[in-house]
Amino acid sequence: METSPSGTGRITVAEAAVRTGHGRADEATGVGGASVLLDVREPDEWSAGHAPGALHHPLTALMAGAPLPPEARGRCLVVVCRSGNRSQRAADLLTGLGFESVDVIGGMRGWAEAGLPVVDARGLRGTVA
């Protein structure tokens, strides 16, 4: 795990997949699927393609003070955007608010390039916009 200049953790797409239940758990530690994937992209980006089971909460809403979805509260947040810039800002903000959060290096572009699933708003094969 890397650290951003502000101290927030940054993880790879592979680590994010394991932590959110999209990849294979580490058999030695049993870690896998305990975290929530929080997508902070805008609604049109989310509709075009997102990880199955991810929660949507745009960075703009987070910055405006909108509360997180109930499913995200009390859990480690793995924050993702398109490329990793917005998610790093969101993870820094969330950490400052007392949430345990890390951001995904490479974002949804990296997620899709790694062959991980991406679905659109209808649940069909999606694209990263």
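As the structure is a computational prediction, the values presented were derived from the model and not from experiment.

J.: Would you mind going over the pairing of strand E5 (residues 77-80) in detail, with residue names and values included?
T.: Here E5 shows no split at all, with Leu77 and Val79 on one side and Val78 and Val80 on the other all buried. Where strand E3 (residues 36-39) and E5 come together, 4 bridges link them in parallel fashion. Bridge assignment links valine 36 to a residue of E5, and that residue is leucine 77. Across 3 bridges, E5 lies against strand E6 (residues 101-104) in parallel orientation. Within E6, the residue paired with leucine 77 across the bridge is serine 101. Regarding the hand of the β-α-β motif, the stretch spanning E5, helix H4 (residues 85-96) and E6 is right-handed.

J.: Tell me about H4, and name the residues and values.
T.: End to end, H4 covers 17 Å across 12 residues, agreeing with the expected 16 Å (1.5 Å per residue, within 8%). Three or more residues of H4 are buried, namely Arg86, Ser87, Gln88, Ala90, Ala91 and Leu94. Those residues of H4 that are buried lie in contact with strand E2 (9-11), E3, helix H2 (43-48), helix H3 (59-63), E5 and E6.

J.: Break down the environment of alanine 129 for me, citing the residues and quoting the values.
T.: Looking at the secondary structure, you find alanine 129 in the segment after helix H5 (107-113). When the C-alpha atoms of alanine 129 and glutamate 45 are compared, they prove to be 5.2 Å apart, with 84 residues separating the residues in sequence. Beyond its immediate sequence surroundings of up to four residues, alanine 129 is in contact with Arg41, Glu45, Ala48 and Arg82.

J.: An account of the side chain of serine 35 is requested, with residue identities and associated values reported.
T.: Within the secondary structure, serine 35 is located in the loop between helix H1 (13-19) and E3. Apart from residues lying up to four places away in sequence, serine 35 is in contact with Arg19, Thr20, Arg75, Cys76 and Val78.

J.: Describe the pattern of salt bridges, naming the residues involved and giving the relevant values.
T.: Here the structure, examined in full by the defined rule, presents 5 salt bridges. A salt bridge links arginine 41 to aspartate 39; the shortest N-O distance between them is 2.8 Å. Look at arginine 41 and you get buried, because its relative accessible area is 0%. With its nearest N and O atoms 3.5 Å apart, the salt bridge here joins arginine 82 to glutamate 45. With arginine 82 in the loop between E5 and H4 and glutamate 45 in helix H2, this residue pair connects regions lying 37 residues apart in the sequence. For arginine 82, a relative accessible area of 30% puts it in the partly exposed group. Within the structure, one salt-bridge network assembled from shared partners comprises Glu45, Arg82 and Arg86.

Quick notes on the rules
Residues numbered from 1 in each chain as written. Predicted model: local features only at pLDDT ≥ 70, side-chain atom pairs only at ≥ 80, totals over all residues. Heavy atoms only, no water. Buried < 20%, exposed > 50% of the residue type's maximum accessible area, 1.4 Å probe, protein only. Helix = DSSP H or I, 4+ residues; strand = E, 2+ residues; numbered from the N terminus. Pairing = 2+ DSSP bridges. Right-handed = clockwise from strand over helix to strand, strands pointing away. Expected span 1.5 Å × (residues − 1). Contact = heavy atoms within 4.5 Å. Salt bridge = Lys/Arg side-chain N within 4 Å of Asp/Glu carboxyl O.

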